[in-house]
Amino acid sequence: MGFARTCSVALVGVEGVVVEVQADLEPGVAAFTLVGLPDKSLTESRDRVRAAVVNSGGEWPQRKLTVGLSPASVPKAGSGFDLAVACAVLGAAERIDPRVLADIVMIGELGLDGRVRPVRGILPAVLAAAGAGYEQVVVPECAAAEASLVPGVSVLGIRSLRQLIAVLTDEPVPEEEPDEQGRPDPLLAGLRVPGAGPATGVHGIGAAQQERCPDLADVVGQTSARTALEVAAAGGHHLFLEGPPGAGKTMLAERLPAVLPPLGRQESLEVTAVHSVAGLLPPGKPLIDLAPYCAPHHSATMQALVGGGHGVARPGAVSLAHRGVLFLDETPEFSGHALDALRQPLESGHVVIARSAGVVRFPAKFLMVLAANPCPCGRFSRRENLCECPPSAIRRYQARLSGPLLDRVDLRVEAEPVTRGELARRDARGESTATVAGRVRAARARAAARLADTPWRANGEVPGHELRTRWHAAPGAMDAAERSLERGVLTARGLDRVLRVAWTVADLAGHDRPHACDVALALQLRTGVPRGVPMTIGAPA
């Protein structure tokens, strides 16, 4: 009887579980049995592995073969177990020393010719292996850069099963014939998701926005909206932009990721892990270090927004926007159920998807930007009477955004139509993205220094109770906000969010704590009601 074992990783959401792949050979009729809750693609690995071993110059054992995936209670999905299954079988057949395989984690799909193809989720799989104490990982050659992002792990990138057998048996490593020059590498197909090819115009979400580098100076006018955008970036506050078509709401939202600070090392790993599982990593850029930007269409379903789907749950738009910006244009056109599903991730920073096969958790700490027209025709305004919609239609349209959802939005600003004079002015260009981003980084540094001994890093993350008890505003600064609470203009949650925004305004203005002018500007940004203060940071009340 021959027996060998090696390891691979099963992904549950963006978390990995190390799976021991065991192969057992017994005398009897030649058969191949795979046990351990495999899915359809994993069950088909029997034929892929057999063909790959034979075409790699190996001899397939003509005995009763049983391959077990342990723990058997964890569902296994995908083709990433092929490499581990093949090596376990060869170890049981004594082609490879079983002792060499025991402490190696192998991830990769096998082609019928023995080439090793990449799979989605390499980074979270290697992170799980490192967390379990494994120090050696074998991955496809084209995914080695992604796997090498994990410290303390020795990564071996291979292009074929033939090469791996030679490495494990101390034989000369054969050279693989390179692909023709100028043709795309067919092995990279495993890293792409359908619908994200060159013809669709969809790129890796993390890097595509920064490649275009849209500048905030391109936005004409919109002083209030620009101030709200800066405050949102500095404190991590959610933003609601309301205004007629063509006012610049989408332009502002597209420029917000470049204003946000670059991601830290841990944040980059979190974002890269989500995009790796989704199959959206930019080619040649294994680590996403810039804030991602995700703007789903208003026809998106609840599963597309928060994650899920048939079979294995996939990350949704809220997870693809983790540590970045989620922009919902034409927000009233979204399904009410889909919008209400955003309430939980807005508060907790993660999404929990329960299915019959188990519970999956995805990170979802994002900055949400909502954009909407004031009415169905888009021309309703307090200053001009150009709207042709009846009052009942306006009320129904605005009621599509539920009160509980809007109560979780810190900033509400009206984007005014741009006038002919503003467009014609030669000095109409505002501050550039670099200038605003510099102030945002300075404000974030002040907040991080104040919150150094806490689990929070931005004002938008701090609970209201902590703000009221540990960090106090200037005497009398909160009087106007407290009166708004008594009159019912603000809820208790709204009062806490006004205090958060006031701290961010104070950080941008360089104040040691919020003053009355900071709170007044925060109230104006929160309620949309003019408070008699200029919509600029640091202006006197």
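Residues numbered from 1 in each chain as written. Predicted model: local features only at pLDDT ≥ 70, side-chain atom pairs only at ≥ 80, totals over all residues. Heavy atoms only, no water.

1. Here we look at the overall build of the protein
Argument step 1. The helix and strand inventory of the protein stands at 23 helices and 16 strands.
Argument step 2. With the principal axes as the frame, the protein shows a C-alpha extent of 85 × 50 × 40 Å.
Argument step 3. Burial statistics for the protein: of 541 residues in total, 50% are counted as buried.
Argument step 4. Across the protein, every contact between residues at least 6 apart in sequence was considered, and the portion connecting residues at least 24 apart equals 71%.
Argument step 5. Both charge centroids of the protein, one from 57 positive and one from 58 negative side chains, sit 6 Å from each other. (Helix = DSSP H or I, 4+ residues; strand = E, 2+ residues; numbered from the N terminus. Buried < 20%, exposed > 50% of the residue type's maximum accessible area, 1.4 Å probe, protein only. Contact = heavy atoms within 4.5 Å. Lys, Arg positive; Asp, Glu negative; His and termini not counted. Charge placed at Lys NZ, Arg CZ, Asp CG, Glu CD.)

2. A few points about the sheet that holds strand 11 (residues 293–294)
Argument step 1. Read across the open sheet, the 5 strands follow the order 11-12-15-10-16; overall the sheet is parallel. Bordering the open sheet on either side are strand 11 and strand 16 (411–414), each of which pairs with just one other strand.
Argument step 2. Of the pairings in the sheet, the one linking strand 12 (residues 325–328) to strand 15 (residues 367–372) comprises 4 bridges and is parallel in character. Across the sheet, Phe 327 pairs through a bridge with Val 369, a residue of strand 15. (Pairing = 2+ DSSP bridges.)

3. Let's talk about the pairing of strand 15
Successive residues of a regular strand alternate their side chains across the two faces of the sheet.
Argument step 1. With respect to burial, strand 15 is a largely interior element, 6 of its 6 residues being buried.
Argument step 2. Of the two faces of strand 15, the one carrying Leu 367, Val 369 and Ala 371 and the one carrying Met 368, Leu 370 and Ala 372 are both buried.
Argument step 3. With 4 bridges connecting them, strand 10 (residues 239–242) and strand 15 associate as parallel partners. Residue pairing for strand 15: Leu 239 is matched across the bridge by Val 369.

4. Observations regarding the nonpolar core
Argument step 1. In terms of nonpolar packing, the biggest core is built from 55 residues, with Leu 239, Val 369 and Leu 525 touching the most fellow members.
Argument step 2. At 8 residues, helix 22 (residues 492–509) tops the list of elements feeding residues into this core.
Argument step 3. Those residues in contact with Leu 239 that lie beyond four places of it in its chain are Ala 228, Leu 229, Ala 232, Met 368, Val 369, Leu 370, Val 409, Leu 411 and Val 413. (Core = buried A, V, L, I, M, F, W, Y, C linked by side-chain atoms within 4.5 Å.)

5. Details of helix 19 (residues 433–450)
Argument step 1. For helix 19, which comprises 18 residues, the first-to-last C-alpha distance of 26 Å matches the rise-based estimate of 26 Å (1.5 Å per residue) to within 8%.
Argument step 2. Residues of helix 19 that are buried include every one of Thr 433, Val 436, Ala 437, Val 440, Ala 443 and Ala 447, and no others. Buried residues of helix 19, seen end-on, are gathered within an arc of 125 degrees and therefore sit on one face of the element. More than 90 degrees from the buried face of helix 19, the exposed residues found are Ala 434 and Ala 449.
Argument step 3. Residues of helix 19 that are buried in the fold lie against helix 9 (223–235), helix 10 (249–259) and helix 22. (Expected span 1.5 Å × (residues − 1). Arc of directions from axis to C-beta.)

6. Quick word on the packing of aromatic side chains
Argument step 1. Inspection of the entire model under this criterion finds 2 aromatic pairs.
Argument step 2. Judged by centre distance (5.7 Å) and plane angle (40 degrees), the ring pair of Phe 32 and Trp 60 falls under tilted. Within this pair, whereas Phe 32 is found in strand 3 (residues 31–35), its partner Trp 60 is found in the loop between helix 2 (45–55) and strand 4 (64–70), the two being separated by 28 residues in sequence.
Argument step 3. Judged by relative accessible area, Trp 60 falls into the buried class, the value being 11%.
Argument step 4. Note on Tyr 293 and Phe 327: the rings are 6.5 Å apart at their centroids and 25 degrees apart in plane angle, and the pair reads as stacked. (Phe/Tyr/Trp six-rings, centres within 6.5 Å; stacked < 30°, edge-to-face > 60°.)

7. What about the side chain of His 350?
Argument step 1. For His 350, the location among the structural elements is in strand 13 (residues 350–355).
Argument step 2. A residue is classified by how much of its surface remains accessible, and His 350, at 17% relative accessible area, is buried.
Argument step 3. A polar atom in the side chain of His 350 sits 3.4 Å from the side chain of Arg 361.
Argument step 4. With near-sequence residues (within four places) excluded, His 350 lies in contact with Gln 344, Pro 345, Arg 361, Phe 362, Pro 363 and Ala 364. (Polar contact = N/O pair within 3.5 Å; in protein donor to acceptor, adjacent residues only side chain to side chain.)

8. A few points about the pairing of strand 2 (residues 15–26)
Argument step 1. The pairing of strand 1 (residues 2–12) with strand 2 spans 11 bridges and is classified as antiparallel. Within the sheet, the bridge partner assigned to Val 9 lies in strand 2 and is Val 18.
Argument step 2. Counted between consecutive antiparallel strands, the loop separating strand 1 from strand 2 contains 2 residues, among which Gly 13 sits at a positive phi close to 75 degrees.
Argument step 3. Pairing of strand 2 with strand 4 involves 7 bridges; the strand directions are antiparallel. Bridged to Asp 24 within strand 4 is Thr 66.

9. Comments concerning the pattern of salt bridges
Argument step 1. Under the criterion given, the structure shown has 25 salt bridges.
Argument step 2. Two residues, Arg 323 and Glu 267, come together in a salt bridge whose shortest N-O distance is 3.7 Å. Remark: Glu 267 occurs in helix 11 (residues 265–278) and Arg 323 occurs in the loop between helix 13 (317–320) and strand 12; sequence separation between them is 56 residues.
Argument step 3. With a shortest N-O distance of 2.3 Å, Arg 468 and Asp 496 are connected by a salt bridge. (Salt bridge = Lys/Arg side-chain N within 4 Å of Asp/Glu carboxyl O.)

10. What to know about the confidence of the model for the protein
Argument step 1. The predicted model of the protein has a mean per-residue pLDDT of 87, with 91% of residues at 70 or higher.
Argument step 2. Highest mean pLDDT in the protein belongs to strand 5 (residues 104–106) (97); lowest belongs to helix 8 (residues 205–212) (46).
Argument step 3. Predicted confidence is poor over residues 198–210, with pLDDT under 50, and the contacts of this stretch with residues over four places away or in other chains come to 26 contacts. (pLDDT = per-residue confidence, 0-100.)

11. Considering unusual backbone geometry
Argument step 1. A cis amide bond links Ser 70 with the next residue in sequence, Pro 71, at an omega value of 5 degrees.
Argument step 2. The residue Glu 94 is not glycine, and still its phi comes out positive at about 65 degrees.
Argument step 3. Structurally, the position occupied by Glu 94 is in the loop between helix 3 (82–92) and helix 4 (98–101).
Argument step 4. Residue class for Glu 94 comes out exposed when judged on its relative accessible area of 67%.

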